[in-house]
Amino acid sequence: MCFGVRDAIALALEHADAGPVTVLGDLVHNPTVLSALEAKGIAAAQDVAHVTTPTLMVTAHGTSERTLARTRALGLAVVEATCPLVRVAHRAVAALARDGYHVVIVGQRDHVEVRGLTGDLDRFDVILEDNDVLALEEHPRFGVAAQTTQPLERVRRVVDSIRRRFPRSDVRFMDTVCKPTKDRQSAAVEMARQADVVIVVGGRSSNNTRELVKTCARYCARVHHVETDKDVRPQWFDGADVVGLTAGTSTPDDIIDCVEARLRADASTFPNASADEPVEADARR
Ligand code: SF4
C-alpha cells in the first residue's frame, strides 16, 4: 500500500475516534478496506449534499478548490487527506492554466482524482489513449499532465501523438505520475518477464491495479486479477514453473499475504513447480 493511501486511512481512523466523519468518495478502491472502515463507523458519501456528519474528509485522491468552498459553505468542517503527490499534480495543472496552456489530462474522465484536477478549470480535455488525440481541437499551446496512477509509458505515447497531430502547437508536458506508481510498474514489468503466470491483487475498481494488470499482460500471457485469495483458481497454474505476485497501491499487506500463502500452499499441486520457491518475484513497494 502506498504511503498516500496508508496515511489517508490513518487520518480517517484518528478522526473517527474524535467524532463522526464522512469520507467523500472511496478512501481506497478496495472493498475489504472499505468494509473495515465502515465497521469503525466511518461513513461514506459520493456527494457533499448527502453528508450528515459535521466533518467531511477528502480522500488521498484530492478535490478541487471549488468543491472545498462548496463544502465549507454548507457549514462542514473539512479534513484533507490529499496525497502530497496529488497536490504536486494540482500545482502542475494550475501552473499550466496560469501560463495560458490548454490543459489536457491523460487519465480516466470520471475518476475522482481527475475530477479534482480539472474541477477548477473552465476549459480542458481528458484523454486516455493515443486514439483520443484525434478528437482534440487545435490550440496554440497544450499543457499536458497525467492522473498520478497512469503508466508513464502510455502518457508519453499520448504526448508524442499530440505533438505529431499538432506540429505548430507548443506542447508542454508535466510528468505528474507518482513515484510509487512508477516503481510498481517497472518492478511488475521485470517480474512479468520472468513469470509463466502473474497474479495481481487489488480492488476491481482500483485504477492502478487495473493498469498493473494491463502492463503485466504485455509481458506475460497468463495474468489474473484477484481481490482476495478466494479468487485464486488452481487450474491457472497448469504447467507453470514461475508464478509472479504483485498488487495495487491500495491493497493491504494482509490480503497480499493471504494470496501469497494460498499460492505457496497450492504450489505442491503445480505440476512443474519448484517445491522451494514457487513465488519468484514480488513487486510490492
Ligand atoms: S498512488 Fe501515488 S499519488 Fe496516489 S495516493 Fe498513492 S502515492 Fe499518492
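Further up the page is the structure itself.
Scoring rules and cut-offs
Residues numbered from 1 in each chain as written. Predicted model: local features only at pLDDT ≥ 70, side-chain atom pairs only at ≥ 80, totals over all residues. Heavy atoms only, no water. Helix = DSSP H or I, 4+ residues; strand = E, 2+ residues; numbered from the N terminus. Buried < 20%, exposed > 50% of the residue type's maximum accessible area, 1.4 Å probe, protein only. Contact = heavy atoms within 4.5 Å. Salt bridge = Lys/Arg side-chain N within 4 Å of Asp/Glu carboxyl O. Axes fitted to C-alpha atoms, helices over the stretch in contact; angles between N-to-C directions. Left-handed = near helix turned anticlockwise from the far one by under 90°. Expected span 1.5 Å × (residues − 1). Arc of directions from axis to C-beta. Near = heavy atom within 4 Å. Nonpolar A, V, L, I, M, F, W, Y, C, P; charged D, E, K, R; others polar. Pairing = 2+ DSSP bridges.

Visitor: Now, about the overall build of the chain: what can you tell me, with residues and values included?
Guide: For the chain, the count of helices and strands is nine helices and 12 strands. When the backbone C-alpha atoms are referred to their principal axes, the chain occupies close to 60 × 55 × 25 Å. Counting all 285 residues of the chain, 52% fall into the buried class. In the chain, 68% of the contacts between residues at least 6 apart in sequence involve partners at least 24 apart.

Visitor: If you had to explain the pattern of salt bridges to someone new, which residues and values would you point to?
Guide: Counted under the stated rule, the structure contains 16 salt bridges. A salt bridge links Lys214 to Glu211, with the nearest nitrogen and oxygen atoms 3.9 Å apart. Pair noted here: Lys214 and Glu211 are both in helix H8 (residues 207-217), with a separation of three residues, about one helical turn. Look at Lys214 and you get partly exposed, because its relative accessible area is 43%. Across the salt bridge formed by Glu260 and Arg264, the nearest N and O atoms sit 3.1 Å from each other. Of this pair, Glu260 and Arg264 are both found in helix H9 (residues 253-266), four residues apart, which corresponds to roughly one turn of the helix. Residue classification places Glu260 among the buried residues on the basis of a relative accessible area of 17%.

Visitor: Provide a residue-level description of the packing of helix H7 (residues 179-194) against H8, including the pertinent values.
Guide: Running from N to C, H7 and H8 point in directions that differ by 35 degrees, and their axes come no closer than 9 Å. The two elements H7 and H8 cross, and the hand of that crossing is right-handed. Facing H7, whose interface residues are Arg184, Gln185, Ala188, Val189 and Ala192, H8 presents Glu211, Leu212, Thr215 and Cys216.

Visitor: Can you explain helix H1 (residues 3-18)? Please cite residues and give values.
Guide: With 16 residues, H1 should reach 22 Å at 1.5 Å per residue; the first-to-last C-alpha distance of 23 Å fits that figure. Within H1, burial applies to Gly4, Val5, Ala8, Ile9 and Ala12. For H1, the angular spread of the buried residues around the axis is 130 degrees, confining them to a single face. Along H1, the residues that are exposed and aim more than 90 degrees away from the buried face are Glu14, Asp17 and Ala18. Structurally, H1 contributes buried residues whose contacts are with strand S1 (21-24), helix H2 (31-39) and strand S3 (55-58).

Visitor: Lay out the site of the ligand in plain terms, naming residues and giving numbers.
Guide: Residues in close proximity to the ligand include Cys2, Phe3, Gly4, Val5, Cys83, Leu85, Val86, Thr148, Thr149, Cys178, Pro180 and Thr249, which together make up its full environment. Taken together, the elements giving at least two residues each to the shell around the ligand come down to H1 and helix H4 (84-98). For the shell around the ligand, the leading source of residues is H1, giving three residues. Looking at side-chain class alone, the shell around the ligand contains eight nonpolar, four polar and no charged residues.

Visitor: Which residues make up the sheet that holds strand S5 (residues 102-106), and what values go with them?
Guide: If you trace the four strands from one edge of the open sheet to the other, you get S6-S5-S7-S8, paired in parallel fashion. With partners counted over all chains shown, the strands left at the sheet margins are strand S6 (124-127) and strand S8 (170-173), one partner each. Each strand of the sheet is rotated relative to its neighbour by a mean of 25 degrees, with strand direction disregarded. Two strands pair when backbone bridges link them, and S5 and strand S7 (residues 141-146) are joined in this way by five bridges, in the parallel orientation. The partner of Val104 across the bridge, within S7, is Val144.

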